[in-house]
Amino acid sequence: IVTGRGAEFLERMKMEKRIGRQVGDITEGAALHINNMKLEGLLTSVAAELPSLQEKGVWLVAPTANDPRDKIRLAWRINTSTPYINTKLVKTEELPQSWKDLLGLRWKGKMSLGEPNIGGSVYQTIVVLMDNRVWDEEYMRSLYRQNLRFFSGDAEELSALARGEIHLSVRVVDGTAARFVQEGATIQAIDMKEGVVVTTGSVGAIAGAPNPNAARVFLNWIFSPEGQTVTGRAQGNKMVRKDVPDFRPKGVQTPLSNPLVTDLDQLERATQLFREKWFDKVVG
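This report concerns the structure included in the present document.

Criteria and cut-off values
- Residues numbered from 1 in each chain as written.
- Predicted model: local features only at pLDDT ≥ 70, side-chain atom pairs only at ≥ 80, totals over all residues.
- Heavy atoms only, no water.
- Helix = DSSP H or I, 4+ residues; strand = E, 2+ residues; numbered from the N terminus.
- Buried < 20%, exposed > 50% of the residue type's maximum accessible area, 1.4 Å probe, protein only.
- Contact = heavy atoms within 4.5 Å.
- Areas by Shrake-Rupley, 256 points an atom, 1.4 Å probe, with all protein chains shown as cover.
- Expected span 1.5 Å × (residues − 1).
- Arc of directions from axis to C-beta.
- Polar contact = N/O pair within 3.5 Å; in protein donor to acceptor, adjacent residues only side chain to side chain.
- Pairing = 2+ DSSP bridges.

## Some details on the overall build of the protein
Broken down by element type, the protein carries nine helices and 10 strands. Across the 284 residues in the protein, those meeting the buried criterion constitute 53%. At a minimum sequence separation of 6, the contacts of the protein that also span at least 24 residues come to 77%. As presented, the protein carries roughly 13,300 Å² of accessible surface, and 51% of it is formed by carbon and sulfur atoms.

## Observations regarding helix 1 (residues 6-19)
Count 3.6 residues to each turn of an α-helix, and residues three or four apart come out pointing the same way. With 14 residues, helix 1 should reach 20 Å at 1.5 Å per residue; the first-to-last C-alpha distance of 20 Å fits that figure. Three or more residues of helix 1 are buried, namely Gly-6, Phe-9, Leu-10, Met-13 and Glu-16. Angularly, the buried residues of helix 1 cover 130° about the axis, an arc narrow enough to put them on a single face. For helix 1, exposure combined with an orientation more than 90 degrees from the buried face picks out Glu-8, Arg-18 and Ile-19. Tucked into the core, helix 1 has its buried residues touching helix 2 (31-39), strand 2 (43-44) and strand 8 (196-206).

## A word on the side chain of Thr-200
The topology assignment puts Thr-200 in strand 8. The buried category is assigned to Thr-200, whose relative accessible area is 6%. At 3.0 Å, the side chain of Thr-200 and the side chain of Asn-66 are in polar contact. For Thr-200, the contacting residues outside a window of four places in its chain are Ala-31, Val-61, Asn-66, Arg-73, Ala-75, Arg-77, Ile-78 and Asn-79.

## Digging into the side chain of Glu-137
Tracing the chain through its elements places Glu-137 in helix 4 (residues 137-144). Of the polar contacts made by the side chain of Glu-137, one reaches the side chain of Arg-141; its length is 2.9 Å.

## Remarks on helix 7 (residues 212-222)
The set of residues buried in helix 7 consists of Ala-215, Leu-219 and Ile-222. Seen along its axis, helix 7 keeps its buried residues to an arc of 55°; they face one direction. Exposed and facing more than 90 degrees away from the buried side of helix 7 are Asn-213 and Val-217. In this fold, the buried residues of helix 7 make contact with strand 1 (26-29), strand 3 (74-86), strand 8 and helix 8 (225-235).

## Remarks on the pairing of strand 8
Across the 11 residues of strand 8, 11 count as buried, placing the element largely inside the fold. Where strand 1 meets strand 8, four bridges bridge the pair, whose relative direction is antiparallel. Bridging across to strand 8, Glu-28 finds its partner in Val-203. Both strand 2 and strand 8 contribute to a ladder of two bridges, which runs antiparallel. Of the residues in strand 8, the one forming a bridge with Leu-43 is Ile-206.

Put into structure tokens, the structure is as follows:
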């Protein structure tokens, strides 16, 4: 397993393709990055060759639902991006109920956010919130005036939250938060009345991979009851099959009263809007 950031892998995979020396067999990550790899022609569809994907009536989210035409980007786990608080520092009566609550004076200098131009899931969360008109330009300006601390990844940000260096993280993904809760961190997910962002972790088979048959065996297993159970339990995730449990610990689960589901076409359109109209204009 080779770990790293999606943007870095995109450039690495492009270079490997140019010289004809692909190293990886599959890739996994945020929907935005996997989709970028697909658009660059770096991935190939194997969905029709996976027996587990032919099962009916077992999916909370069908693996091909977000890419029904090409069936290249396969959804294998469900992610929720929502604010988290340190329960030792924030009382129950102080919990924010709305995204607008984060603009209050009590939160100034006490919040954090992942770097939008580094983390794909941060970028995606902001795009979806803006496209659904939960955030807008003025909201972003006001949020940045709250003296946010910025972090290069969810794990670093959650470490600071667990240590009490900040009181609230504006958004982190439940899969990463689950590991901290399992290790005893006093953090808790907050459900926001306007909605929280729900997306899927994606996997794809790399075109020209050195071990294409092994890639198919592994991907087939990932979508089987055993694979979904093993990986879901190990990572503390909610998976796409409905015949396996929700493995997220209690502090990470939210009612999801108003889920803002990421649609691929919506994401592409909103991402372009974000790049052209919002990001440079608001945050530089």
